[in-house]
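Geometric and topological summary
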Amino acid sequence: MATELLLGGAVYSSATPDATALAVTDGVVTWVGADAVGRALHPDADITDLEGRFVAPAFVDAHVHLTSTGLALTGLTLNDAVSRTDCLLRIAENVATLGEGELIWGCGWDNSTWSGAEESDGRFPTTAELDEVVGNRPVYLARVDEHSAVASTALRRLVVGLAEAQGYHPDEPLVAEAHHMVRAAARALVSARSRTLAQRRALDAAAEVGVVAIHENGGPDISGLDDFLAIADLEHPVEVRRYWGQAAQNAEHARELVAITGADALAGDLFVDGAIGSRTAWLREPYHDAPEATGINYVSPESVLDHLRACTEAGLQAGFHVIGDAATAAVVSALDALAAELGTPAIASRAHRIEHAEMVDAAQAQTLAACGVVASMQPQFDATWGAPGDLYDQRLGDERAARLNDFATLAKAGVALSFSSDSPVTPIDPWATVRAAVHHNHPRNAISARGAFAASTRGGWRAGGVNDGLTGTLSVGAPASFAIWEAEELVVAGSHESVQRWSLDPRSRVPALPDVSPGRPLPRCVRTVHRGRDIYRAESN
């Protein structure tokens, strides 16, 4: 029974806020404290000198799409494209590296940031313009939010009935059912080997940034059953909890879906609506830049209630993809109705989830809290699109945009928060996630670094049904899942004056965290450990 004693660092532990050392035996934290005491208590331990580094509970990314992430890491990404012309040039360069007829799967384009010499440089590429570059080749190019896509004619021709589907356009990006159909056709062209390599690359990338567990958000429209089943067969040290986004009609149907898919829960990307960038998020009032549009509702309010009831009665965790305020209202109304039937304790015992939760008001937050719903959110959305003049302002106008991703209101109401990336929409980069939550573009919506860190660690475990009070901490008896970081300065401070009530003076013996102020370098991971097992070590470590 070997013990590893880590000494000479800064250990983030609420139980022992000034700890500099910890001991791990058989994958469990067995002691936390000061160096000298640690040496005295563990004379035969294997010693690891932390050399002043920061040790903290490892991260959980509670909303990931593994295959798409892996394909983005190794294939065509258009996040840095600055115009339509630039986008098409990058596609042409990619075509030159591939064999004839090989699928191009690209992602990340966001024309809300584009401009150029030509007026048309601010818009998306059309099908005709794409065909001029790629010829008779299947090409799928997902918008950055993954809720619309440009597709070449060669790929479109593989989809029977595409022209009759909701969201079809012969030359513009596809949305809704038409997008789901063409995405499925593109998925079918990804070989099983390529898919496995992509999934492993995504998990490797997670481990490299201190993540020991992810939640795969699959479903019929986002990844397909073959992809979802393949993830279950992966052997990788990063823990994977799989969510299948398909609505259940009743408890028996819910159990059948779990039996068929092997899913851990019927939650994740069960789309009530789409995304703001693609104008498919379901809104109560029209889009600011498209007065004729209010988005798309994929799952009726009646089906939302049926799914919640089915999973609650079957003892399963349910959940929905919810972004627009109309979608939020539909889920909250269903929770109210179910609470009247079954009572809030029955609902809360399942820890149901809502993914994204970008447009939630104070009254709705109270309902979510009373029903024990976990809000699985992505702070990097605000960092990417929430500044004045950015995408949220463009689509919604500044008044509505200023209320998006209101972490403070949810936390104040007592809603359990779980932070994640929605990769490949934003990168798996947990310290960037913490920074984005602390330094929100609208300060009144921000939370403290301590709260953001908890939502990225313990919050992820809780979102996955683990709420034992130990997992996600560095307390005695907790699983030894942690990461070691090179960090410049450790601080105990709030982000903005408006959230100082969450900040605590160092004299209160609250453990310090790395300074995530804008402009400061974020911590670099040098080692990731899950349940006592190394799953990543930096080469220079």
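Quick notes on the rules
- Residues numbered from 1 in each chain as written.
- Predicted model: local features only at pLDDT ≥ 70, side-chain atom pairs only at ≥ 80, totals over all residues.
- Heavy atoms only, no water.
- Salt bridge = Lys/Arg side-chain N within 4 Å of Asp/Glu carboxyl O.
- Buried < 20%, exposed > 50% of the residue type's maximum accessible area, 1.4 Å probe, protein only.
- Pairing = 2+ DSSP bridges.
- Helix = DSSP H or I, 4+ residues; strand = E, 2+ residues; numbered from the N terminus.
- 1 Å grid on protein atoms, 1.4 Å probe; cavity = no way out; pocket = protein on both sides within 12 Å on 5 of 7 lines; lining within 4 Å.
- Points joined across faces, edges and corners; volume = space filled by probe spheres on them.
- Nonpolar A, V, L, I, M, F, W, Y, C, P; charged D, E, K, R; others polar.
- Domains from an automatic or database assignment.
- Contact = heavy atoms within 4.5 Å.
- Buried area = accessible area lost by both parts, 1.4 Å probe.
- Polar contact = N/O pair within 3.5 Å; in protein donor to acceptor, adjacent residues only side chain to side chain.
- Expected span 1.5 Å × (residues − 1).
- Phe/Tyr/Trp six-rings, centres within 6.5 Å; stacked < 30°, edge-to-face > 60°.

1. Digging into the pattern of salt bridges
According to the stated counting rule, one finds 25 salt bridges in the structure shown. One salt bridge connects aspartate 534 with arginine 527, and the closest N-O pair in it is separated by 2.9 Å. Taking relative accessible area as the criterion, aspartate 534 reaches 30% and is therefore assigned partly exposed. Several salt bridges converge on common partners, so that one network encompasses Arg84, Glu118, Asp121, Arg123 and Glu129.

2. A word on the sheet that holds strand E9 (residues 104–109)
Strands sit in the order E8-E9-E10-E11-E12 across an open sheet of 5 strands; the sheet is mixed. With one partner strand each, in any of the chains shown, strand E8 (76–77) and strand E12 (174–175) form the two edges of the open sheet. Pairing of strand E10 (residues 139–143) with strand E11 (residues 148–151) involves 3 bridges; the strand directions are antiparallel. If you follow leucine 141 over to E11, its bridge partner there is valine 150.

3. Brief notes about the environment of alanine 192
Turning to its location among the elements, alanine 192 is positioned in helix H7 (residues 192–208). For the pair alanine 192 and aspartate 226, spaced 34 residues apart in sequence, the C-alpha separation works out to 9.2 Å.

4. A word on empty space enclosed by the protein
Per the counting criterion, the structure on display carries 4 cavities of 30 Å³ or more. Volume-wise, the largest cavity comes out at about 170 Å³. Lining the largest cavity are 22 residues, and of these Asp145, His147, Ala275, Ile323 and Phe381 lie nearest its centre. Secondary structure elements with two or more residues in the lining of the largest cavity: helix H14 (379–385) and helix H15 (391–396). Broken down by class, the residue content of the lining of the largest cavity amounts to 10 nonpolar, 6 polar and 6 charged. Shared between two domains, the lining of the largest cavity takes at least three residues from each, and those domains are domain 2 (64–189) and domain 3 (267–464). The computed volume of the second largest cavity comes to approximately 70 Å³. Secondary-structure elements contributing two or more residues to the lining of the second largest cavity are strand E7 (59–64) and helix H18 (430–438). The leading source of residues in the lining of the second largest cavity is E7, at 3 residues.

5. Quick word on the domain arrangement of the protein
Splitting the protein by domain gives domain 1 (3–60 + 474–537), domain 2 (64–189) and domain 3 (267–464). Computed from C-alpha atoms alone, the centre-to-centre distance between domain 2 and domain 3 is 27 Å. Across the boundary between the two partners, domain 2 contributes 17 residues, which contact 21 residues of domain 3. Carbon and sulfur atoms make up 59% of the area that domain 2 and domain 3 hide from each other, which totals about 1,500 Å². When the area that domain 2 buries against domain 3 is broken down by residue, the three leading residues are His65, Ser112 and His147, summing to 33%. For the pair domain 2 and domain 3, the number of links is 0 salt bridges. At the junction of domain 2 and domain 3, the tally comes to 8 residue pairs in polar contact (both at pLDDT 80 or more). Contributing elements (two or more residues each) for the side of domain 2 that touches domain 3: helix H2 (66–74) and helix H6 (176–188).

6. Focus: H7
With 17 residues, H7 should reach 24 Å at 1.5 Å per residue; the first-to-last C-alpha distance of 24 Å fits that figure. Of the surrounding secondary structure, the elements contacted by the buried residues of H7 are H2, strand E13 (211–218), helix H8 (225–232), strand E14 (239–244), strand E22 (524–530) and strand E23 (533–537). One or two residues past the end of H7 sits glycine 210, with phi positive at roughly 80 degrees.

7. Observations concerning the packing of aromatic side chains
As enumerated under the stated definition, the model contains 15 aromatic pairs in all. For the pair phenylalanine 59 and tryptophan 485, a centre-to-centre distance of 5.9 Å together with 75 degrees between the ring planes defines the contact as edge-to-face. Of the two residues, phenylalanine 59 is situated in strand E7 and tryptophan 485 in strand E19 (residues 482–486); the sequence distance between them amounts to 426 residues. Taking the relative accessible area as the measure of exposure, phenylalanine 59 reaches 1% and is therefore buried. The class for tryptophan 485 is buried, based on a relative accessible area of 2%. Ring plane angle 85 degrees and centroid distance 5.7 Å describe the contact between tryptophan 431 and tryptophan 485, whose orientation is recorded as edge-to-face. Taken together, the positions of tryptophan 431 in helix H18 and tryptophan 485 in strand E19 put the pair 54 residues apart, joining distant regions of the chain. Among the aromatic residues, those joined into a ring-pair cluster are Tyr12, Phe54, Phe59, Trp431, Phe453 and Trp485.

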